[in-house]
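Chain by chain, the residues:
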Amino acid sequence: MGERSGKSILIAGAGPTGLALALELARRGFKSRLVANAAGPTPINESRALGVNARTLTLLEPSGVSAMILANARRLTKFKISAAGKPLLTVETETFRSRYCPIQILPQGETERLLKQKLSAFGIAPEWLTEISSLSGDVAKPVVTLQHADGRTETVEPDMLVGADGAHSVVRKTFGFAFPGKAIESRFFLADYRYAQPVDTSFIELNFLNPGVLGRLPVSEDTMRYLSTVEDFETRIDHPAMVSERTWASEFHISFRHVETMSRGNVFLAGDAAHVHSPAGARGMNLGIEDACWLAFLISEGREQDYSNLRMPAVKTVIKDTRRNTTFITLKNPVLTGLRSLLLPLANRIPGFTKAFLHNVAGQDTPPPPWIPGAQ
Ligand SMILES: Cc1cc2nc3c(=O)[nH]c(=O)nc-3n(C[C@H](O)[C@H](O)[C@H](O)COP(=O)(O)OP(=O)(O)OC[C@H]3O[C@@H](n4cnc5c(N)ncnc54)[C@H](O)[C@@H]3O)c2cc1C
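Worth saying up front: this structure is predicted, and the values here are computed from it rather than measured.

Engineer: Quick rundown of the overall build of the chain? Include the residues and the values.
Structural biologist: Per the secondary structure count, the chain includes nine helices and 19 strands. By the compact-globule yardstick of 21 Å for 376 residues, the chain fits well, its C-alpha radius of gyration being 21 Å. If one aligns the C-alpha atoms of the chain with their principal axes, the spans along those axes are about 60 × 45 × 40 Å. Buried positions account for 53% of the 376 residues belonging to the chain.

Engineer: Account for the pairing of strand 11 (residues 160-163), naming residues and giving values.
Structural biologist: Strand residues, when the strand is regular, have side chains that alternate between the two faces of the sheet. Residues Met160 and Val162 of strand 11 are buried on one face, and the alternating residues Leu161 and Gly163, pointing to the opposite face, are buried as well. Here four bridges tie strand 1 (residues 9-12) to strand 11, and the two strands are oriented parallel to one another. Bridging across to strand 11, isoleucine 9 finds its partner in methionine 160. Two elements, strand 11 and strand 18 (residues 267-269), share three bridges in a ladder whose sense is parallel. In the sheet register, leucine 161 faces strand 18, and the bridge partner there is valine 267.

Engineer: Kindly report on the site of the ligand, identifying the contributing residues and their values.
Structural biologist: Around the ligand sit 30 residues in total, of which Thr17, Asn37, Gln108, Asp272 and Met285 are the nearest. Here an oxygen atom of the ligand sits 3.0 Å away from a polar atom, N or O, in the main chain of leucine 50. Interatomic distance of 3.3 Å between a backbone N/O atom of glycine 284 and an oxygen atom of the ligand. For the ligand, whose accessible area on its own is 1,000 Å², the fraction buried by protein is 86%. Listing elements by their share of the shell around the ligand, those giving two or more residues are helix 1 (16-26), strand 8 (131-137) and helix 6 (284-300). Ranked by residue count, the leading element in the shell around the ligand is helix 6, at three residues.

Engineer: Please give an account of the sheet that holds strand 8 that cites residues and values.
Structural biologist: With antiparallel pairing, the three strands of this open sheet are ordered in space as 8-9-10. Lying at the two open borders of the sheet, with one neighbouring strand each, are strand 8 and strand 10 (153-156). Along the sheet, successive strands turn relative to each other by an average axial angle of 20°, direction set aside. The pairing of strand 9 (residues 142-147) with strand 10 spans four bridges and is antiparallel. Across the sheet, residue threonine 145 finds its bridge partner in strand 10, namely threonine 155.

Engineer: Explain the environment of glycine 64 residue by residue, including any values.
Structural biologist: When you line up the elements, glycine 64 lands in the loop between helix 2 (54-59) and helix 3 (65-72). Residue classification places glycine 64 among the partly exposed positions, given a relative accessible area of 22%. Glycine 64 sits 54 residues away from lysine 118 along the chain, and the two C-alpha atoms are 7.8 Å apart.

The rules we used
Throughout this description, residue numbers start from 1 for each chain and increase along the sequence as written. Reporting in this predicted model follows two pLDDT cut-offs: at least 70 for local features of residues, and 80 or more for side-chain atom pairs to be given and counted; totals over whole chains, interfaces and linings ignore these cut-offs and use all residues. Hydrogens are left out, water is left out, and the side-chain values use all remaining heavy atoms of the structure. Every helix listed is a DSSP run of H or I at least four residues long, and every strand listed is a run of E at least two residues long, numbered separately from the N terminus. Between the two quantities, the radius of gyration covers C-alpha atoms and the globule rule is 2.2 Å times the number of residues to the power 0.38. The cut-offs for exposure are 20% and 50% of the maximum accessible area for each residue type, with area from a 1.4 Å probe on protein chains only; residues under the lower value are buried, those over the upper are exposed, and the others partly exposed. The rule for pairing is simple: two strands pair if DSSP sees at least two bridges between them. To be near a molecule or strand, a residue needs just one of its heavy atoms within 4 Å of it. Residues adjacent in sequence count toward polar contacts only when both atoms are side-chain atoms; beyond that, a polar contact is any pair of N or O atoms within 3.5 Å, and within protein one must be able to donate a hydrogen and the other to accept it. Areas reported here follow the Shrake-Rupley algorithm with a probe of radius 1.4 Å; residue values treat only the protein chains shown as occluding. An axis is simply a line fitted to the C-alpha atoms; with a helix, the fit covers only the stretch in contact. Between two such axes, the angle follows the N-to-C directions and lies from 0 to 180 degrees.

Written out as C-alpha coordinates, the structure reads:
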(Lines give C-alpha, C1' and ligand atoms only; values in the text may rest on other atoms or scores of the structure.)
Protein backbone atom coordinates (compact mmCIF):
# COMPACT_ATOMS: atom_id res chain seq x y z
CA MET A 1 0.00 0.00 0.00
CA GLY A 2 2.89 2.35 0.49
CA GLU A 3 5.71 2.68 2.93
CA ARG A 4 9.00 4.16 3.98
CA SER A 5 9.00 3.01 7.56
CA GLY A 6 7.10 -0.16 6.63
CA LYS A 7 3.72 1.41 7.43
CA SER A 8 0.91 1.26 4.89
CA ILE A 9 -1.21 4.41 4.54
CA LEU A 10 -4.65 4.50 2.94
CA ILE A 11 -6.13 7.92 2.17
CA ALA A 12 -9.91 8.03 1.71
CA GLY A 13 -10.72 10.91 -0.65
CA ALA A 14 -8.85 12.68 -3.45
CA GLY A 15 -10.14 16.24 -3.01
CA PRO A 16 -7.60 18.98 -2.25
CA THR A 17 -6.93 17.49 1.22
CA GLY A 18 -6.28 13.90 0.13
CA LEU A 19 -4.18 14.98 -2.87
CA ALA A 20 -2.07 17.36 -0.76
CA LEU A 21 -1.52 14.66 1.85
CA ALA A 22 -0.42 12.05 -0.70
CA LEU A 23 1.93 14.58 -2.32
CA GLU A 24 3.49 15.81 0.93
CA LEU A 25 4.03 12.20 2.01
CA ALA A 26 5.47 11.24 -1.38
CA ARG A 27 8.06 14.03 -1.43
CA ARG A 28 9.27 12.71 1.92
CA GLY A 29 9.55 9.17 0.59
CA PHE A 30 6.22 7.78 1.87
CA LYS A 31 4.09 6.14 -0.77
CA SER A 32 0.39 6.11 0.11
CA ARG A 33 -2.69 4.73 -1.62
CA LEU A 34 -5.40 7.25 -2.50
CA VAL A 35 -8.99 6.19 -3.28
CA ALA A 36 -12.01 8.29 -4.24
CA ASN A 37 -15.56 7.49 -5.30
CA ALA A 38 -15.53 10.50 -7.68
CA ALA A 39 -14.73 9.97 -11.36
CA GLY A 40 -11.88 12.51 -11.23
CA PRO A 41 -10.96 15.92 -9.82
CA THR A 42 -13.70 18.52 -9.29
CA PRO A 43 -15.00 19.75 -12.68
CA ILE A 44 -13.46 23.21 -13.25
CA ASN A 45 -16.84 24.91 -13.69
CA GLU A 46 -18.17 23.44 -10.42
CA SER A 47 -15.28 24.66 -8.29
CA ARG A 48 -16.50 25.51 -4.82
CA ALA A 49 -13.26 27.02 -3.54
CA LEU A 50 -11.71 29.89 -5.48
CA GLY A 51 -9.27 31.46 -3.03
CA VAL A 52 -5.76 30.12 -2.41
CA ASN A 53 -4.26 31.98 0.54
CA ALA A 54 -0.65 32.93 1.33
CA ARG A 55 -0.34 30.20 3.97
CA THR A 56 -1.27 27.51 1.41
CA LEU A 57 1.31 28.92 -1.03
CA THR A 58 3.94 28.71 1.71
CA LEU A 59 2.95 25.11 2.48
CA LEU A 60 2.97 24.00 -1.16
CA GLU A 61 6.26 25.72 -1.97
CA PRO A 62 8.55 22.71 -1.23
CA SER A 63 6.56 20.45 -3.59
CA GLY A 64 6.72 23.03 -6.39
CA VAL A 65 2.91 23.35 -6.58
CA SER A 66 2.91 27.00 -5.46
CA ALA A 67 4.92 28.08 -8.48
CA MET A 68 2.37 26.34 -10.71
CA ILE A 69 -0.54 27.96 -8.84
CA LEU A 70 1.07 31.40 -9.17
CA ALA A 71 1.57 30.88 -12.89
CA ASN A 72 -2.16 30.22 -13.29
CA ALA A 73 -3.86 32.25 -10.55
CA ARG A 74 -5.23 35.78 -10.53
CA ARG A 75 -4.01 38.31 -8.00
CA LEU A 76 -6.59 40.14 -5.90
CA THR A 77 -5.63 43.73 -5.21
CA LYS A 78 -8.76 45.03 -3.46
CA PHE A 79 -11.64 44.08 -1.19
CA LYS A 80 -14.56 46.46 -1.67
CA ILE A 81 -17.54 46.76 0.66
CA SER A 82 -20.63 48.77 -0.18
CA ALA A 83 -24.26 49.11 0.95
CA ALA A 84 -26.99 49.44 -1.68
CA GLY A 85 -24.21 50.23 -4.18
CA LYS A 86 -22.70 53.06 -2.05
CA PRO A 87 -18.98 52.44 -1.32
CA LEU A 88 -18.20 52.02 2.40
CA LEU A 89 -14.70 50.55 2.59
CA THR A 90 -11.85 49.46 0.31
CA VAL A 91 -8.94 47.39 1.61
CA GLU A 92 -5.87 47.31 -0.66
CA THR A 93 -3.98 44.01 -0.52
CA GLU A 94 -0.74 45.57 -1.81
CA THR A 95 -0.02 46.96 1.68
CA PHE A 96 0.49 43.39 2.95
CA ARG A 97 4.14 42.65 3.73
CA SER A 98 4.70 38.97 2.98
CA ARG A 99 6.26 36.73 0.35
CA TYR A 100 2.83 36.16 -1.22
CA CYS A 101 -0.23 38.29 -1.87
CA PRO A 102 -2.81 37.44 0.90
CA ILE A 103 -5.08 35.58 -1.50
CA GLN A 104 -4.98 34.52 -5.16
CA ILE A 105 -7.84 33.22 -7.24
CA LEU A 106 -7.72 29.77 -8.82
CA PRO A 107 -10.75 27.47 -9.17
CA GLN A 108 -10.56 24.41 -6.89
CA GLY A 109 -10.69 22.04 -9.89
CA GLU A 110 -7.49 23.61 -11.25
CA THR A 111 -5.69 23.44 -7.89
CA GLU A 112 -6.63 19.75 -7.62
CA ARG A 113 -5.26 19.09 -11.14
CA LEU A 114 -1.94 20.75 -10.25
CA LEU A 115 -1.62 18.66 -7.07
CA LYS A 116 -2.47 15.52 -9.05
CA GLN A 117 0.07 16.40 -11.74
CA LYS A 118 2.89 16.79 -9.17
CA LEU A 119 1.81 13.58 -7.46
CA SER A 120 2.08 11.66 -10.71
CA ALA A 121 5.83 12.42 -10.79
CA PHE A 122 6.10 10.09 -7.76
CA GLY A 123 4.26 7.32 -9.60
CA ILE A 124 1.07 7.81 -7.55
CA ALA A 125 -2.34 8.21 -9.17
CA PRO A 126 -5.65 8.48 -7.31
CA GLU A 127 -7.84 5.41 -7.78
CA TRP A 128 -11.05 7.05 -9.03
CA LEU A 129 -14.48 5.37 -8.89
CA THR A 130 -13.30 3.40 -5.88
CA GLU A 131 -15.74 3.64 -3.01
CA ILE A 132 -15.18 2.84 0.63
CA SER A 133 -18.27 0.66 0.88
CA SER A 134 -17.78 -0.47 4.46
CA LEU A 135 -15.44 -0.17 7.39
CA SER A 136 -14.95 -2.59 10.24
CA GLY A 137 -12.32 -3.51 12.78
CA ASP A 138 -11.51 -0.75 15.22
CA VAL A 139 -9.43 2.41 15.37
CA ALA A 140 -6.35 0.35 16.28
CA LYS A 141 -6.73 -1.90 13.22
CA PRO A 142 -9.23 -0.53 10.69
CA VAL A 143 -10.50 -2.89 8.01
CA VAL A 144 -11.63 -1.21 4.79
CA THR A 145 -13.77 -2.70 2.03
CA LEU A 146 -13.32 -1.04 -1.35
CA GLN A 147 -15.81 -1.33 -4.17
CA HIS A 148 -14.19 -0.86 -7.57
CA ALA A 149 -15.93 0.49 -10.68
CA ASP A 150 -15.98 -2.97 -12.29
CA GLY A 151 -17.92 -4.36 -9.31
CA ARG A 152 -14.89 -6.03 -7.69
CA THR A 153 -14.57 -5.72 -3.92
CA GLU A 154 -11.29 -5.67 -2.05
CA THR A 155 -10.52 -5.71 1.65
CA VAL A 156 -7.47 -3.88 2.99
CA GLU A 157 -6.05 -3.46 6.49
CA PRO A 158 -3.88 -0.31 6.42
CA ASP A 159 -1.59 0.60 9.30
CA MET A 160 -2.98 4.13 9.03
CA LEU A 161 -6.32 5.23 7.59
CA VAL A 162 -6.87 8.91 6.81
CA GLY A 163 -10.42 10.14 6.27
CA ALA A 164 -10.12 13.02 3.78
CA ASP A 165 -13.52 12.02 2.47
CA GLY A 166 -15.34 15.32 2.83
CA ALA A 167 -18.15 16.69 4.97
CA HIS A 168 -20.18 13.45 4.96
CA SER A 169 -17.11 11.35 5.83
CA VAL A 170 -17.89 7.67 6.19
CA VAL A 171 -14.60 7.26 8.09
CA ARG A 172 -15.68 9.84 10.68
CA LYS A 173 -19.17 8.38 11.05
CA THR A 174 -18.15 4.72 11.21
CA PHE A 175 -15.44 5.20 13.78
CA GLY A 176 -17.74 7.24 16.02
CA PHE A 177 -16.09 10.66 15.93
CA ALA A 178 -18.65 13.16 17.26
CA PHE A 179 -19.25 16.15 14.94
CA PRO A 180 -21.00 18.75 17.11
CA GLY A 181 -22.09 22.19 15.94
CA LYS A 182 -25.07 23.67 14.17
CA ALA A 183 -26.48 24.94 10.91
CA ILE A 184 -27.33 28.60 10.43
CA GLU A 185 -30.73 29.71 9.29
CA SER A 186 -29.78 31.65 6.13
CA ARG A 187 -29.75 29.86 2.79
CA PHE A 188 -26.95 30.78 0.39
CA PHE A 189 -27.27 30.99 -3.40
CA LEU A 190 -24.53 30.97 -5.98
CA ALA A 191 -24.34 31.61 -9.73
CA ASP A 192 -21.32 31.82 -12.04
CA TYR A 193 -21.62 33.95 -15.19
CA ARG A 194 -19.30 33.91 -18.17
CA TYR A 195 -19.09 37.12 -20.19
CA ALA A 196 -18.49 37.80 -23.87
CA GLN A 197 -15.24 39.62 -23.06
CA PRO A 198 -12.64 39.73 -20.24
CA VAL A 199 -13.79 41.61 -17.12
CA ASP A 200 -11.97 43.25 -14.20
CA THR A 201 -10.97 40.37 -11.92
CA SER A 202 -8.70 42.28 -9.55
CA PHE A 203 -11.20 42.67 -6.70
CA ILE A 204 -13.85 41.04 -4.53
CA GLU A 205 -16.93 43.07 -3.73
CA LEU A 206 -19.52 42.68 -0.98
CA ASN A 207 -22.67 44.72 -1.40
CA PHE A 208 -25.01 44.81 1.61
CA LEU A 209 -28.58 44.83 0.33
CA ASN A 210 -29.99 45.41 3.85
CA PRO A 211 -31.39 42.88 4.37
CA GLY A 212 -29.10 40.33 2.75
CA VAL A 213 -25.82 40.50 0.92
CA LEU A 214 -24.58 40.06 -2.64
CA GLY A 215 -20.95 39.10 -3.13
CA ARG A 216 -19.04 39.24 -6.40
CA LEU A 217 -15.85 37.22 -6.84
CA PRO A 218 -13.72 36.59 -9.90
CA VAL A 219 -13.46 33.00 -11.16
CA SER A 220 -11.39 33.52 -14.31
CA GLU A 221 -10.67 36.32 -16.79
CA ASP A 222 -14.19 36.25 -18.21
CA THR A 223 -16.21 34.61 -15.41
CA MET A 224 -17.64 36.01 -12.18
CA ARG A 225 -19.28 34.32 -9.21
CA TYR A 226 -22.22 35.89 -7.42
CA LEU A 227 -23.05 34.66 -3.90
CA SER A 228 -26.06 35.84 -1.95
CA THR A 229 -28.43 35.21 0.93
CA VAL A 230 -31.29 36.59 -1.17
CA GLU A 231 -33.18 34.20 -3.44
CA ASP A 232 -33.85 36.72 -6.24
CA PHE A 233 -30.21 37.91 -6.22
CA GLU A 234 -29.77 37.36 -9.94
CA THR A 235 -32.19 40.21 -10.69
CA ARG A 236 -29.90 42.52 -8.67
CA ILE A 237 -26.66 41.77 -10.50
CA ASP A 238 -25.09 44.66 -12.33
CA HIS A 239 -23.32 42.65 -15.05
CA PRO A 240 -19.95 44.14 -16.08
CA ALA A 241 -20.29 42.96 -19.73
CA MET A 242 -22.61 41.03 -22.02
CA VAL A 243 -23.49 37.61 -20.53
CA SER A 244 -22.47 34.61 -22.65
CA GLU A 245 -23.64 31.88 -20.31
CA ARG A 246 -24.59 31.04 -16.73
CA THR A 247 -22.05 28.27 -16.19
CA TRP A 248 -23.10 27.01 -12.74
CA ALA A 249 -25.75 27.66 -10.10
CA SER A 250 -26.14 26.11 -6.70
CA GLU A 251 -27.85 26.59 -3.34
CA PHE A 252 -26.55 25.53 0.04
CA HIS A 253 -26.97 25.66 3.80
CA ILE A 254 -24.08 26.37 6.10
CA SER A 255 -23.08 24.52 9.26
CA PHE A 256 -20.32 25.23 11.71
CA ARG A 257 -19.04 21.90 13.03
CA HIS A 258 -15.78 20.28 14.01
CA VAL A 259 -14.73 16.99 15.53
CA GLU A 260 -13.49 16.98 19.12
CA THR A 261 -10.39 15.02 18.21
CA MET A 262 -8.83 14.61 14.76
CA SER A 263 -7.40 11.16 15.42
CA ARG A 264 -8.14 8.04 17.35
CA GLY A 265 -5.71 5.14 17.27
CA ASN A 266 -4.59 4.73 13.67
CA VAL A 267 -7.52 6.64 12.16
CA PHE A 268 -6.97 10.31 11.26
CA LEU A 269 -9.35 12.94 9.87
CA ALA A 270 -8.41 15.93 7.71
CA GLY A 271 -10.18 18.66 5.73
CA ASP A 272 -13.97 18.85 5.53
CA ALA A 273 -14.18 15.40 7.16
CA ALA A 274 -12.99 17.09 10.36
CA HIS A 275 -14.44 20.61 10.09
CA VAL A 276 -17.05 22.51 8.09
CA HIS A 277 -17.93 26.20 8.17
CA SER A 278 -19.16 29.01 5.94
CA PRO A 279 -17.19 30.11 2.84
CA ALA A 280 -16.85 33.64 4.33
CA GLY A 281 -13.08 34.09 4.44
CA ALA A 282 -12.31 31.38 1.85
CA ARG A 283 -10.76 29.09 4.45
CA GLY A 284 -12.20 25.55 3.89
CA MET A 285 -9.92 24.17 1.18
CA ASN A 286 -6.94 26.08 2.58
CA LEU A 287 -7.49 24.62 6.06
CA GLY A 288 -7.80 21.10 4.63
CA ILE A 289 -4.51 21.49 2.74
CA GLU A 290 -2.91 22.78 5.94
CA ASP A 291 -4.17 19.72 7.90
CA ALA A 292 -2.73 17.50 5.17
CA CYS A 293 0.69 19.16 5.25
CA TRP A 294 0.90 18.93 9.05
CA LEU A 295 -0.17 15.28 9.06
CA ALA A 296 2.41 14.35 6.41
CA PHE A 297 5.14 16.16 8.36
CA LEU A 298 4.18 14.44 11.62
CA ILE A 299 3.96 10.98 9.99
CA SER A 300 7.43 11.50 8.52
CA GLU A 301 8.71 12.34 12.01
CA GLY A 302 6.95 9.33 13.58
CA ARG A 303 4.88 11.83 15.61
CA GLU A 304 1.43 11.29 14.08
CA GLN A 305 -0.07 10.88 17.56
CA ASP A 306 0.60 14.64 18.10
CA TYR A 307 -1.56 15.56 15.07
CA SER A 308 -4.86 16.21 16.83
CA ASN A 309 -3.36 18.27 19.67
CA LEU A 310 -1.41 20.40 17.21
CA ARG A 311 -4.26 20.96 14.73
CA MET A 312 -7.32 21.44 16.95
CA PRO A 313 -6.37 25.00 18.06
CA ALA A 314 -5.99 26.05 14.39
CA VAL A 315 -9.37 24.53 13.50
CA LYS A 316 -11.07 26.30 16.42
CA THR A 317 -9.49 29.64 15.45
CA VAL A 318 -10.72 29.36 11.86
CA ILE A 319 -14.24 28.29 12.88
CA LYS A 320 -14.42 31.24 15.29
CA ASP A 321 -13.22 33.68 12.59
CA THR A 322 -15.58 32.43 9.89
CA ARG A 323 -18.51 32.43 12.33
CA ARG A 324 -17.77 36.08 13.21
CA ASN A 325 -17.45 37.04 9.50
CA THR A 326 -20.68 35.22 8.66
CA THR A 327 -22.61 36.88 11.51
CA PHE A 328 -21.30 40.26 10.36
CA ILE A 329 -22.35 39.83 6.73
CA THR A 330 -25.74 38.23 7.46
CA LEU A 331 -27.00 40.82 9.99
CA LYS A 332 -30.75 41.41 9.65
CA ASN A 333 -31.59 43.83 12.46
CA PRO A 334 -31.98 47.31 10.85
CA VAL A 335 -30.33 49.06 13.82
CA LEU A 336 -27.27 46.83 13.49
CA THR A 337 -27.09 47.07 9.68
CA GLY A 338 -27.35 50.89 10.01
CA LEU A 339 -24.54 50.90 12.56
CA ARG A 340 -22.47 48.69 10.25
CA SER A 341 -22.87 51.19 7.40
CA LEU A 342 -21.92 54.03 9.73
CA LEU A 343 -18.80 52.39 11.17
CA LEU A 344 -17.30 50.58 8.15
CA PRO A 345 -16.04 53.78 6.43
CA LEU A 346 -14.02 54.50 9.62
CA ALA A 347 -12.38 51.06 9.78
CA ASN A 348 -9.30 52.01 7.75
CA ARG A 349 -8.52 54.73 10.31
CA ILE A 350 -8.28 52.20 13.17
CA PRO A 351 -4.57 51.47 13.70
CA GLY A 352 -3.77 47.90 12.77
CA PHE A 353 -7.16 47.17 11.13
CA THR A 354 -5.88 46.58 7.58
CA LYS A 355 -2.94 44.51 8.82
CA ALA A 356 -5.16 42.32 11.03
CA PHE A 357 -7.75 41.90 8.24
CA LEU A 358 -5.15 40.82 5.66
CA HIS A 359 -3.31 38.59 8.15
CA ASN A 360 -6.57 36.72 8.58
CA VAL A 361 -7.33 36.54 4.83
CA ALA A 362 -3.78 35.22 4.27
CA GLY A 363 -4.47 32.36 6.70
CA GLN A 364 -1.58 33.43 8.90
CA ASP A 365 -3.62 33.31 12.10
CA THR A 366 -2.75 29.63 12.63
CA PRO A 367 0.69 28.33 13.70
CA PRO A 368 3.27 28.51 10.86
CA PRO A 369 4.80 25.24 9.60
CA PRO A 370 7.98 24.58 11.61
CA TRP A 371 9.52 22.52 8.76
CA ILE A 372 9.66 25.54 6.38
CA PRO A 373 12.37 27.99 7.45
CA GLY A 374 11.13 31.58 7.81
CA ALA A 375 7.48 30.59 7.14
CA GLN A 376 4.86 33.14 8.18
C1 LIG B 1 -19.84 27.77 -2.18
C2 LIG B 1 -18.55 27.36 -1.55
C3 LIG B 1 -17.45 28.18 -1.73
C4 LIG B 1 -16.23 27.82 -1.16
N5 LIG B 1 -15.16 28.66 -1.35
C6 LIG B 1 -13.97 28.36 -0.77
C7 LIG B 1 -12.80 29.20 -1.00
O8 LIG B 1 -12.83 30.21 -1.71
N9 LIG B 1 -11.64 28.82 -0.41
C10 LIG B 1 -11.56 27.69 0.36
O11 LIG B 1 -10.47 27.41 0.89
N12 LIG B 1 -12.62 26.85 0.54
C13 LIG B 1 -13.83 27.15 0.00
N14 LIG B 1 -14.88 26.29 0.13
C15 LIG B 1 -14.71 25.03 0.86
C16 LIG B 1 -13.99 23.93 0.02
O17 LIG B 1 -14.66 23.69 -1.19
C18 LIG B 1 -13.89 22.63 0.84
O19 LIG B 1 -13.45 22.96 2.13
C20 LIG B 1 -12.92 21.64 0.19
O21 LIG B 1 -13.43 21.08 -0.99
C22 LIG B 1 -12.63 20.47 1.15
O23 LIG B 1 -11.73 19.58 0.56
P24 LIG B 1 -11.64 18.06 1.04
O25 LIG B 1 -10.59 17.44 0.19
O26 LIG B 1 -11.46 18.03 2.52
O27 LIG B 1 -13.07 17.43 0.75
P28 LIG B 1 -13.82 17.26 -0.66
O29 LIG B 1 -13.38 18.30 -1.62
O30 LIG B 1 -15.27 17.17 -0.33
O31 LIG B 1 -13.30 15.84 -1.21
C32 LIG B 1 -13.77 14.63 -0.64
C33 LIG B 1 -13.19 13.45 -1.41
O34 LIG B 1 -13.62 12.24 -0.78
C35 LIG B 1 -14.16 11.36 -1.74
N36 LIG B 1 -15.14 10.49 -1.03
C37 LIG B 1 -16.21 10.87 -0.31
N38 LIG B 1 -16.84 9.77 0.21
C39 LIG B 1 -16.13 8.68 -0.21
C40 LIG B 1 -16.27 7.28 -0.05
N41 LIG B 1 -17.27 6.73 0.70
N42 LIG B 1 -15.38 6.46 -0.64
C43 LIG B 1 -14.36 6.97 -1.39
N44 LIG B 1 -14.19 8.30 -1.59
C45 LIG B 1 -15.06 9.14 -0.99
C46 LIG B 1 -14.73 12.25 -2.83
O47 LIG B 1 -14.81 11.55 -4.07
C48 LIG B 1 -13.64 13.34 -2.87
O49 LIG B 1 -12.55 12.89 -3.66
C50 LIG B 1 -16.12 26.64 -0.40
C51 LIG B 1 -17.24 25.80 -0.22
C52 LIG B 1 -18.45 26.17 -0.78
C53 LIG B 1 -19.65 25.30 -0.56
